[in-house]
Amino acid sequence: VQSALQRVAAGVAAGRLVPLPTVSYSLASAAAALRQMSQARHVGKVVVSSSLSSKPAAGLGRAVVTGGLGALGQLVSGWLVMHGAQQVQLLGRSARVTAGSVEVMCAASSSQVIISQCDAGSSEDLAAVLSTQGQLLPVELIIHAGGVLADATLLQQQLPGVRAVAAAKLSPLPVLLAASQHQPVRSVVLFSSVASLLGSPGQSNYAAANAGLDAAAQASQAAGIPVVSVQWGAW
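Keep in mind that what you see is a predicted model, and the values were worked out from it rather than measured.

A. Seen up close, helix α6 (residues 159-170). Over its 12 residues, α6 extends 16 Å from the first C-alpha to the last, a length consistent with the 16 Å expected when each residue adds 1.5 Å. Turning to α6, its buried residues number three or more, namely Gly161, Val165, Ala168 and Lys169. Down the axis of α6, the buried set is contained in an arc of 100°. They therefore lie on one face. For α6, exposure combined with an orientation more than 90 degrees from the buried face picks out Pro160 and Arg163. Packing partners of the buried residues in α6 comprise β6 (139-144), α7 (173-180), β7 (187-193) and α9 (204-222).

Printed below as a string of structure tokens:
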């Protein structure tokens, strides 16, 4: 797959490959798009797109991000701040952040950024963090972006590495899902990986842990809880 994609990329860059023609419809015209496709009156692709508002998180109360002080946590937190979330609460075990990162977030918007030292796998820690004491708004979005890596080939995998990777992904889940039942949570978003779908060399423990996230999301959806697991590719 990699070599095929490299050939495609080279062909596009050199102008030898030209994209198929497209006919675009807005989401409000999805019925017309389906009608055209069913009648085979198109050449190329029929595209239905939804344009996001300039502030897709506008009106969102409090968003809680586990692993919020890591690279992915700060990236998604910055996106939430930039797009209008009122409060963004970053959870991390150490409560230490990259110099200047929070200041940049705060300068980008009127959002309030809150840093909380919290072990997301501890029900006591999370109960305290997810409370609505003081100036904290009710929690409307939970993003579980925590994770660690302990890469090794399959034959070299050791129990401590499996435990550490699984714990970062799976230990917070019961507490987060239970907490979501006591707040007006619109959605719980779990950061999984395409490794759980396709596998990843040297990351069998990571693939298995993310597959656990995917399975938990499916079970939660069946129980009526608004949980989604996103199998991210490369960042």
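Having seen the model, we can carry on.
B. Structural context of the pattern of salt bridges. Tallied over the entire structure, the rule returns two salt bridges. Note that Asp119 is salt-bridged to Arg93, the shortest N-O span being 3.5 Å. Within this pair, whereas Asp119 is found in the loop between β5 (112-117) and α5 (123-129), its partner Arg93 is found in the loop between β4 (87-92) and α4 (101-108), the two being separated by 26 residues in sequence. Relative accessible area serves as the criterion here: at 29%, Asp119 is assigned to the partly exposed category.

Definitions and cut-offs
Residues numbered from 1 in each chain as written. Predicted model: local features only at pLDDT ≥ 70, side-chain atom pairs only at ≥ 80, totals over all residues. Heavy atoms only, no water. Helix = DSSP H or I, 4+ residues; strand = E, 2+ residues; numbered from the N terminus. Expected span 1.5 Å × (residues − 1). Buried < 20%, exposed > 50% of the residue type's maximum accessible area, 1.4 Å probe, protein only. Arc of directions from axis to C-beta. Contact = heavy atoms within 4.5 Å. Salt bridge = Lys/Arg side-chain N within 4 Å of Asp/Glu carboxyl O.

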